[in-house]
Each structure stands twice: as structure tokens, then as C-alpha cells.
Amino acid sequence: MTRIVTVGAAQLGPIARAESRTQVVARMIELMRQAKSHGCDLVVYPELALTTFFPRWYFESQEEIDSFFEREMPGPETRPLFDAARAMAIGFYLGYAEITEEEGRVRHFNTSILVDKAGAIKLKYRKIHLPGHATHEPWRRFQHLEKGYFETGNLGFGVARAFDGVMGMAICNDRRWPETYRVMGLQGVEMVMIGYNTPVHNPPAPEHDSLSHFHNELVMRSGAYQNGTWVVGVAKAGNEEGVDQIGNSIIVAPSGEIVAACTTTGDELAIARCDLDLTLSYKNTTFNFAKHREPQAYGLIVERKGAVPPPLE
Ligand code: CDV
């Protein structure tokens, strides 16, 4: 028996700073309707899908920063998305900025949730690899203040049983790190969903700009293959408030092959019938971790944060 999950990569075009959550949610519901009409079980939206990508601006006022965050999920403006999904019996991955009180203090996370067809939150993830910088850097054409506006996620790379498989999540910059896939791979993940906002221009390394699609595909294809998992990568695309985003949303099979892709820079759905049992061909052979991994021989010092080359002779 095969386990088919039909997935819609629900790419969003630019979201203006003036656009309300209600307007954005209406766009998301329209993509969800299209997905349902094509038989999708699940739609995957981008990172920070409810607003413009606000870390591109330096704000002095914490109140202004907090205006981009959700205090409850669902809240009044996001409930229509949950209601539509439940009415259509379709699940979704949603990225959003989360403000919460934990351990006696206010905390900010870049978060995603996986919601099942009945409207229940099955898994929550908080972004671990925050890119960019913590303080204002006026030399940049635009800011990338994720390290200033969010804390490092504290939920690890967990997985959950849902949609008849083992599902995992990551957010944007996480997709460039092999640990992301491997930690979930070691828990048997069969589908990793990843929302992202990636500008074409990389201010600290403009020589990478022309390679942005190549790198986007490289990391998700290798993460999929090396862990025998489906990967669904979904972008915010187009020119958002003067900053071009790469788009390039893709669905990748456990073979590393791209099986569906968005081709525009606007709201667009790319759909694939993902057979979760295709993961077995990789998990049971080349990447049979129990049989072939040799972690005791790797000489790893796991606590080390940076790369430390051996001393010169
Ligand atoms: N939102 C992101 O995490 N963006 C990063 C950029 C800054 C490089 C990314 O990895 O796509």
C-alpha cells in the first residue's frame, strides 16, 4: 500500500507593509481553495507569511516591532484560515512571528506550525539558525535584523506523526545547514516543510547573488537525498518593498529530484503527489543509518559552536 500525500507549495508574491493580515489571509485561502480543487491534503506557506518581511527595517520602537507578531494562534485575523482549512479538510504549514510569555518573560520567535485536516496543531517549530545581525547596520541597502528581533528557537528539530507519515519543519536559513535535515533524518522524517524569505542580494557576499537559485536547490536537494525524505520549500517571491526575493519554490523527492516548481514571482501553487513510501528505497539502502552510519568514528566534539581548524605545526 502506498502512502500518497498530495502537497501544494503555496508560494506568496510580495506582501506590502500596508497590507493587513486579513488581506493576506484572503490570498492564502484562495491558494488553499485551488489546492483543494487539485486534491491536495496539505498546503505549505512561506516563512513569516502573514506580513511583509519586517526584519528588513530597523525599528527603534519595540511596540512597532511587536505589531508584526501574533499573540495567539489562531487569533481573530488568522481564524478564517483555520476555519477554511477545517471546512475543506486540508492541512497546512504556516510561518509567523510569535510573541509569547515563557519563563516569566516576553519572548519572540520565528515560528511555524503544522495543522492537520481537523484544525489541530500537530507540531510547532521555532527557527534555530537566525541569519543576519542584531543591531542596525546602516551600510546595508536593507537590513536583516533577525538576530535582533527573534530569539533562537528552543524546541529543537522535532518530528510528528501526521498525514500518514513522519513530518518535520524548518524555516528559511535552516535549510542551508545539514544538521537540520540530519537531526530529523535520525528521527525517521519523511517530509520536511520549509518556508523562506530569501533576498536575491546578499549584502555581506554580493558575489553569491547570481548563485541564489543554485544554492537554494543545492541545499534542499542534498538534504532530501542524504536523509531519504521529501522536502517542500516554499518562498515569498517577487519585489517586496524594493527588495527582490528569489522565489524558486520547489518540491523535492527523496531521490533529490525536483518534481514540482513555481515559475512566477507571484502567488502560485506547485503541486506534487508525494509517495511517502519512496523514502524507503533510500532509508533501507544507501542511507540505512543503523547499518552504515559510524558516529563513534567521526571524532565529533558536539559542543563546539564555530569551526576550529587544528593548530599550525
Ligand atoms: N530569512 C532568512 O533566513 N533568509 C536567509 C538569508 C538572509 C540568507 C536565507 O538563508 O535565505
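Scroll up to find the structure.
The text that follows walks through the structure, step by step, so that each part is easy to find. (Residues numbered from 1 in each chain as written. Predicted model: local features only at pLDDT ≥ 70, side-chain atom pairs only at ≥ 80, totals over all residues. Heavy atoms only, no water.)

With that settled, consider the site of the ligand. By nearness alone, every residue bordering the ligand is listed as E47, F53, K127, P131, H144, E146, C172, N173, R175, R176, N197 and T198. A distance of 3.1 Å separates a nitrogen atom of the ligand from a polar atom in the side chain of E47. Bound to the protein, the ligand loses 88% of the 320 Å² it would expose on its own. One can see that the ligand is located within the second largest pocket. Of the residues belonging to the shell around the ligand, the class tally is three nonpolar, four polar and five charged. (Near = heavy atom within 4 Å. Polar contact = N/O pair within 3.5 Å; in protein donor to acceptor, adjacent residues only side chain to side chain. Areas by Shrake-Rupley, 256 points an atom, 1.4 Å probe, with all protein chains shown as cover. 1 Å grid on protein atoms, 1.4 Å probe; cavity = no way out; pocket = protein on both sides within 12 Å on 5 of 7 lines; lining within 4 Å. Sits in = over half its atoms within 2 Å of the grid points. Nonpolar A, V, L, I, M, F, W, Y, C, P; charged D, E, K, R; others polar.)

Time to look at the side chain of T279. Note on placement: T279 falls in the loop between β14 (268-275) and α7 (280-283). With a relative accessible area of 0%, T279 lands in the buried category. (Helix = DSSP H or I, 4+ residues; strand = E, 2+ residues; numbered from the N terminus. Buried < 20%, exposed > 50% of the residue type's maximum accessible area, 1.4 Å probe, protein only.)

A separate point is the side chain of N288. Of note, N288 is situated in the loop between α7 and α8 (289-292). Under the relative-accessibility criterion, N288 is labelled buried at 18%. Engagement of the side chain of N288 in a polar contact is seen with the backbone nitrogen of A290, the distance being 3.2 Å. When neighbours within four sequence positions are excluded, N288 is seen to be in contact with Y282, K283 and R293. (Contact = heavy atoms within 4.5 Å.)

This part takes up the pairing of strand β11 (residues 243-246). Where strand β10 (residues 237-240) and β11 come together, four bridges link them in antiparallel fashion. Bridged to G238 within β11 is Q245. Taking the residues that link successive antiparallel strands as the turn, the β10-β11 hairpin has two residues, and the phi of E241 there is positive, at about 50 degrees. (Pairing = 2+ DSSP bridges.)

Glancing now at the nonpolar core. Of all hydrophobic cores here, the largest spans 45 residues; its most connected members are L42, L114, M191, M193, M220 and V232. Residues within four places of M193 in sequence aside, it is in contact with L42, V44, Y93, L114, M167, G168, M169, A170 and V232. With 28 residues, the next largest nonpolar core counts A10, M32, L50 and A84 among its residues. (Core = buried A, V, L, I, M, F, W, Y, C linked by side-chain atoms within 4.5 Å.)

Glancing now at empty space enclosed by the protein. Overall, the coordinates contain one cavity of 30 Å³ or more when judged by the stated rule. Size it by volume and the largest cavity reaches roughly 40 Å³. For the lining of the largest cavity, the class distribution of residues is six nonpolar, one polar and one charged. (Points joined across faces, edges and corners; volume = space filled by probe spheres on them.)

Now for the sheet that holds strand β12 (residues 250-252). Hydrogen bonds along the backbone pair up the strands of a sheet, which may run parallel or antiparallel. Strands sit in the order β6-β7-β8-β9-β12-β13 across an open sheet of six strands; the sheet is mixed. Each having just a single partner strand, β6 (159-162) and β13 (258-261) make up the two edges of the open sheet. Between one strand axis and the next, the sheet turns by 20 degrees as a mean value, whatever way the strands run. Here strand β7 (residues 165-171) pairs with strand β8 (residues 191-196) via five bridges, running parallel. For M167, the partnering residue across the bridge sits in β8 and is M191. Those strands touched by helix α5 (residues 178-185) are β6, β7, β8 and β9 (230-235), and its axis lies near 160 degrees from that of β7. Sitting on the sheet, helix α6 (residues 212-227) touches β8, β9, β12 and β13, and the angle it makes with β12 is about 25 degrees. (Axes fitted to C-alpha atoms, helices over the stretch in contact; angles between N-to-C directions.)

Think of a ball as big as a water molecule: rolled over the atoms, this probe shows where empty space is left. For the second largest pocket, the calculated volume is near 450 Å³. Lining the second largest pocket are 21 residues, with N173, R176, T198, P199 and N202 positioned closest to its centre. Looking at the lining of the second largest pocket residue by residue, the class counts come to eight nonpolar, ten polar and three charged.

With the rule as written, the count across this model stands at 21 salt bridges. Across the pair E47 and K127 runs a salt bridge whose closest N-O atoms are separated by 2.7 Å. On the criterion of sequence distance, the pair formed by E47 in the loop between β2 (42-44) and α2 (62-66) and K127 in the loop between β5 (121-126) and α4 (146-149) is long-range, its members being 80 residues apart. The exposure class assigned to E47 is buried, which follows from its relative accessible area of 0%. We classify K127 as buried; its relative accessible area is 0%. When the shortest N-O distance is used, the salt bridge between E240 and R56 registers 2.7 Å. You can see E240 sitting in strand β10 and its partner R56 sitting in the loop between β2 and α2, a full 184 residues away along the chain. As far as burial versus exposure is concerned, E240 and R56 are alike and both buried. Salt bridges sharing common partners tie together E98, E102, E103, R105, R107, K124, R126 and E151. (Salt bridge = Lys/Arg side-chain N within 4 Å of Asp/Glu carboxyl O.)

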